[in-house]
Amino acid sequence: MRKLGLIGGMSWVSTGIYYDRINRIVQKRAAPMASAPLFIESLDFAQLYALREENDWKRATEVLVDSAKRLEGAGAEGIIIGANSMHKVYDDVAAAVDVPILHIADYVGRTLKRSGHSSAALIGTRNVMTESFYRKRLVAHGIDLLPPDMDNVQMLDQIIYDELMVGKVSRDAQRKMKTMITAKSQEGADAIVLACTELNLVVDIDANVLPVFDSTRIHCEAAADWVLDQELVD
């Protein structure tokens, strides 16, 4: 198996999900006692929280570049970034190392395409929903995206940053997410993309009015495929 580096801590909650899910997949596919060879660097999310200004993102780029270099230096043969929003700095981080970095949105786009879906609603943090760095990756795979609903942006940021990223799961958040997904079906979406690594905690992935594509689950599947050298080619 190949050694994978995970840049985590964004949040620690989703990093735990990544570790658990990747290992369960590897165990199922390889051998009952198998576990994935992983290097995990858990960053201090307090340094990367609620970035707004250009200088903030410059600092975040430096933090992730340094992390990727440390993982590569430790022997990681490939890397994943365990957060959707931090893929805003993906290009700079990927250019700083000589090992592949598996882009979460590319695997989400491929999964949507293979499933035959062409119109989706993107749900995540403010920058993921409203900026082009994530959306253009999905569009490149032939996915039409509904325009972001700005009325939902503030509510989603509150649920994600104030609750999920600190390990809080509430019934109120579950109700709000169910209402939001129902509204997206009425607006014409034929699928939902959960483009936040913690949203699966308050959305029932397998029982909803629309097919739900969880970026965390998809990224973990891609990571396990890579570890086992079983990557699918488009």
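The name given to the protein in an unreviewed UniProt entry is Aspartate racemase, with the source organism recorded as Erythrobacter litoralis. As stated in UniProt under Sequence similarities (unreviewed entry), the record for the protein gives "Belongs to the aspartate/glutamate racemases family."

Turning next to the packing of aromatic side chains. Centre-to-centre distance and the angle between the planes together describe a pair of aromatic rings. Under the definition given, this model contains one aromatic pair. A ring pair is formed by Phe 133 and Tyr 134, whose centres lie 6.4 Å apart and whose planes are at 90°; its orientation type is edge-to-face. You can call Phe 133 buried: its relative accessible area is 10%.

Core analysis: the largest hydrophobic core is formed by 49 residues, its most contacted members being Ile 7, Met 10, Leu 48, Leu 64, Met 86, Met 177 and Leu 199. Residue assignment for this core shows that the elements contributing at least two residues are helix H2 (54-74), strand S3 (78-81), helix H3 (90-95), strand S4 (119-124), helix H7 (150-163), helix H8 (171-186) and strand S6 (192-195). A total of seven residues in this core trace back to one element, the largest contributor, which is H2. Of the domains in this structure, domain 1 (4-103 + 217-228) and domain 2 (105-215) are the two that each give at least three residues to this core. Excluding residues that lie within four positions of it along the chain, Met 177 makes contacts with Ile 123, Leu 156, Ile 159, Leu 199, Val 202 and Val 203. Counting residues in hydrophobic clusters, the runner-up holds 35 residues, among them Ile 22, Ala 34, Leu 122 and Phe 213.

The rules behind these values
- Residues numbered from 1 in each chain as written.
- Predicted model: local features only at pLDDT ≥ 70, side-chain atom pairs only at ≥ 80, totals over all residues.
- Heavy atoms only, no water.
- UniProt positions renumbered as here; feature names shortened; annotations may be inferred.
- Phe/Tyr/Trp six-rings, centres within 6.5 Å; stacked < 30°, edge-to-face > 60°.
- Buried < 20%, exposed > 50% of the residue type's maximum accessible area, 1.4 Å probe, protein only.
- Core = buried A, V, L, I, M, F, W, Y, C linked by side-chain atoms within 4.5 Å.
- Helix = DSSP H or I, 4+ residues; strand = E, 2+ residues; numbered from the N terminus.
- Domains from an automatic or database assignment.
- Contact = heavy atoms within 4.5 Å.

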